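# Structure at a glance
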Amino acid sequence: MKVDVLLGLQWGDEGKGKIVDVLAPKYDVVARFQGGPNAGHTLEFDGIKHVLHQIPSGIFREKTRNVIGNGVVLDPIVFRSEIEKLSKYNLNVKANLFISKKATLIVPTHRLLDQAYEKAKGDEKIGSTLKGIGPSYQDKIGRQGLRVGDVLADNFNAKFKKLTDIHFAILKDHVIEYNWPELERQFFEAITFLKGFNLIDSEYFINDELNKNASILAEGAQGSLLDIDFGSYPFVTSSNTVTAGACTGLGIAPSKVGEVYGIFKAYSTRVGSGPFPTELLDEDGEKMRKEGNEFGSTTGRPRRCGWIDLPSLKYSIMINGVTQLLMMKADVLNTFPVIKVCTHYKLSDGSIIETMPYEIVNQKITPIYRELSGWNTPIFGTSESDVPPNLLIYVNFLEKSLQVPISLISIGPDRSQTIVRSKPNL
Ligand code: GDP
Ligand code: IMO
Ligand code: MG
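Residues numbered from 1 in each chain as written. Chains lettered and ligands numbered in written order. Predicted model: local features only at pLDDT ≥ 70, side-chain atom pairs only at ≥ 80, totals over all residues. Heavy atoms only, no water.

To continue, consider the overall build of the chain. Within the chain one finds 12 helices and 20 strands. Compactness check: the chain gives a C-alpha radius of gyration of 21 Å against a globular reference of 22 Å for 426 residues, within 12% of the reference. Principal-axis analysis of the C-alpha atoms gives the chain an extent of 65 × 50 × 40 Å. Relative to all contacts within the chain whose residues are 6 or more apart in sequence, the contacts with residues 24 or more apart total 76%. If you sum the accessible surface of the chain, you get close to 18,000 Å²; carbon and sulfur atoms cover 52% of it. (Helix = DSSP H or I, 4+ residues; strand = E, 2+ residues; numbered from the N terminus. Rg over C-alpha atoms; globule rule 2.2 N^0.38 Å. Contact = heavy atoms within 4.5 Å. Areas by Shrake-Rupley, 256 points an atom, 1.4 Å probe, with all protein chains shown as cover.)

In structure tokens, the structure reads:
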């Protein structure tokens, strides 16, 4: 068997959590390969909404084992609170969750450094979730980070002190308020808690499972346009959110990648700073935010909203090798009389392109739109014949433009509000 990868093609929050939960019964293993508590993946069923940050979205499916891979940065304090929130449901979390010893640990000073760096950036701040993502990946790449496996060694406290002393030397130049004894206490309690879980060599686990013919789904976090290499740098996150990240973040060979599911919203959103060519600062943008309940799952911040953007989607599809597209939140556009699709960008020198320009931060990019008629009706039912004709025209138009089949249309946050297409039209 191969590892299928599911990832966001826009700026995150495409609906990855919902779809991983929908697909999980088909998979023996679901594995997160990058990111950390900056993610907020929402799942809804039986009238309850769950938001997961670090725990893979297969956790509610009894037969699915879940892996937090080596590419993840794990905050043990957030981990503990996530697990405690799950404790009221009848889940066998301890048996079904495996954490890579090679995952990087987020320590409390990483969160403080995140705040300090953002403050120092002033008007140019990234709009980070302030969960310590950038500083913990910096330490990983700088070869001084702590890893999950380190918690099992006798010298863990000394290693922790050595790393946090380096952080304090930086923090002394910044004005950040914190109560260190309290943060330290919470951290060590959370480390004791973490030690009660399966801490494993996840690259062996995943490859052994593959050899046993198990089916594996790699769950991306963030989105391709937030990728550290290919996103709108520097307004990005600090990991490779693209398919290649699943190889390094889990220890699987590129030849082992199977389907690549690319998830996108029927429109676009972005939370945090950075370029967003199709952003709507008018009442249509406001309406999308309201209809789509576009507020961050991790920070509660309002998400910026705009029309769908084909040049950026084509770019994401290229970088990821997407084999199937999944369109989310079609229902949010139910009452829009006209649907706009950005097909090209007009650059400040007047040229018209359909690729992603290098200079995306410091030049004005004007979207060129094609207009389609809206479907102007609520969507009832979940069979293909329930898709309103104009929504089908929109879907077909996107498939033709993107040259990848759209195999699923999501029409609401609940598990059940999902239309699986038997024969995508390509
Ligand atoms: P993720 O980070 O990609 O997992 O996405 P988030 O959970 O942060 O954000 C997606 C939001 O949209 C969540 O509140 C979901 O419950 C919701 N959602 C997912 N699919 C649909 C859909 O098809 N329609 C509507 N209206 N909401 C959806
Ligand atoms: P999921 O997995 C949307 C954004 C932040 C900020 C930038 C850098 O739920 O789709 P960071 O905390 O990584 O330093 O923030 O990236 N960001 C996300 N936006 N969804 C996410 O995750 C995000 N994770 C980070 O808002 O602009
Ligand atoms: Mg999210």
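This part is about the packing of helix α4 (residues 108-121) against helix α6 (residues 156-171). Packing of α4 against α6 brings their axes to within 10 Å, and their N-to-C directions diverge by 15°. Judged by the inter-axis angle, α4 sits roughly parallel to α6. Between α4 and α6 the crossing geometry is left-handed. The residues of α6 that touch α4, namely those facing Pro108, Thr109, His110, Leu112, Leu113, Ala116 and Tyr117, are Phe160, Leu163, Thr164, His167, Phe168, Ile170 and Leu171. Taken together, the residues of the contact of α4 with α6 sort by class into 10 nonpolar, 4 polar and no charged. (Axes fitted to C-alpha atoms, helices over the stretch in contact; angles between N-to-C directions. Parallel < 35°, antiparallel > 145°, perpendicular 65-115°, else oblique. Left-handed = near helix turned anticlockwise from the far one by under 90°. Nonpolar A, V, L, I, M, F, W, Y, C, P; charged D, E, K, R; others polar.)

Quick look at the pairing of strand β19 (residues 406-410) now. Of all the 5 residues making up β19, 5 are buried; the element is thus mostly covered by neighbouring parts of the structure. Where strand β15 (residues 324-328) and β19 come together, 3 bridges link them in parallel fashion. The residue of β19 that forms the bridge with methionine 327 is isoleucine 409. As paired strands, β19 and strand β20 (residues 418-420) are joined by 3 bridges and run antiparallel to one another. Paired with isoleucine 409 across the two strands is isoleucine 419, which belongs to β20. (Buried < 20%, exposed > 50% of the residue type's maximum accessible area, 1.4 Å probe, protein only. Pairing = 2+ DSSP bridges.)

Attention now moves to the pattern of salt bridges. Within this structure, the stated rule accounts for 23 salt bridges. Residues glutamate 203 and lysine 102 are paired through a salt bridge, measuring 2.6 Å at the closest nitrogen-oxygen approach. Residue glutamate 203 is located in helix α8 (residues 202-211), and its partner lysine 102 is located in the loop between β7 (97-100) and β8 (104-105); the two are separated by 101 residues in the primary sequence. Across the pair lysine 329 and glutamate 294 runs a salt bridge whose closest N-O atoms are separated by 3.0 Å. Taken as a pair, lysine 329 in the loop between β15 and β16 (338-346) and glutamate 294 in the loop between α10 (283-291) and β13 (304-306) lie far apart in primary sequence, 35 residues in all. Both residues of the pair, lysine 329 and glutamate 294, belong to the buried class. Within the structure, one salt-bridge network assembled from shared partners comprises Asp13, Lys265, Glu294, Arg303 and Lys329. (Salt bridge = Lys/Arg side-chain N within 4 Å of Asp/Glu carboxyl O.)

Turning our attention to the pairing of β16. Inspection of the sheet shows strand β14 (residues 308-309) paired to β16 by 2 bridges, in the parallel sense. Paired with aspartate 309 across the two strands is cysteine 342, which belongs to β16. With 8 bridges connecting them, β16 and strand β18 (residues 366-373) associate as antiparallel partners. Among the inter-strand pairings, isoleucine 339 is bridged to a residue of β18, identified as leucine 372. Summarising the sheet, β16 and strand β17 (residues 352-353) pair through 2 bridges and their orientation is antiparallel. Within β17, the position partnered with lysine 346 by the bridge is isoleucine 352. Turn length for the β16-β17 hairpin, with the two strands adjacent in sequence and antiparallel, is 5 residues, and the turn residue glycine 350 shows positive phi of about 90°.

Let us look at the site of ligand 1. As a structural note, the neighbourhood of ligand 1 is formed by 20 residues, with Lys16, Thr42, Ser297, Asp331 and Ser410 the closest of them. One of the backbone N or O atoms of glycine 40 is found 2.8 Å from an oxygen atom in ligand 1. In the model, an oxygen atom of ligand 1 is placed 2.9 Å from a nitrogen or oxygen of the lysine 329 side chain. Here ligand 1 loses 95% of its free accessible area of 580 Å² to cover by the protein chains. Looking at the shell around ligand 1 residue by residue, the classes come out as 4 nonpolar, 8 polar and 8 charged. (Near = heavy atom within 4 Å. Polar contact = N/O pair within 3.5 Å; in protein donor to acceptor, adjacent residues only side chain to side chain.)

Quick look at the site of ligand 2 now. Among the 20 residues in the neighbourhood of ligand 2, the closest are listed as Asp13, Lys16, His41, Thr129 and Thr237. A distance of 3.0 Å separates an oxygen atom of ligand 2 from a polar side-chain atom of asparagine 38. At 2.9 Å from an oxygen atom of ligand 2 is found a side-chain nitrogen or oxygen belonging to serine 128. A total of 550 Å² of accessible area belongs to ligand 2 in isolation, and the protein chains cover 97% of it.

What follows is about the coordination of the magnesium ion (ligand 3). Geometry sets the ideal angles at a metal, namely 109.5 degrees for four tetrahedral donors and 90 or 180 degrees for six octahedral donors. Protein coordination at the magnesium ion (ligand 3): the donors are Asp13 (OD) and Gly40 (O), at 2.0 to 2.2 Å from the metal. Placement of aspartate 13 in the loop between β1 (3-8) and α1 (16-23) and of glycine 40 in the loop between β2 (29-32) and β3 (41-45) is noted, with a sequence separation of 27 residues between them. (Donors = N, O, S within 2.8 Å, 3.2 Å for Na, K, Ca; no water.)

Turning to the nonpolar core, a few remarks are in order. Ranked by size, the top nonpolar core spans 56 residues in total, and within it Leu325, Met327, Leu333, Leu391, Tyr394, Leu398 and Ile409 carry the most contacts. With 6 residues, the single largest contributor to this core is helix α12 (residues 389-402). Residues contacting leucine 398, with those up to four places away along its chain left out, are Phe264, Ile308, Leu310, Met327, Val341, Gln403 and Ile406. (Core = buried A, V, L, I, M, F, W, Y, C linked by side-chain atoms within 4.5 Å.)

Next up on the list: unusual backbone geometry. For the peptide bond that leads from tyrosine 233 to proline 234, omega is 5°, which places it in the cis range. Structurally, the position occupied by proline 234 is in the loop between β10 (216-223) and α9 (243-250). The backbone of asparagine 213 sits at a positive phi, close to 70°, despite the residue not being glycine. Along the chain, asparagine 213 falls in the loop between α8 and β10. If you check the backbone angles, asparagine 293 has positive phi at about 50° while not being a glycine. Here asparagine 293 shows up in the loop between α10 and β13.

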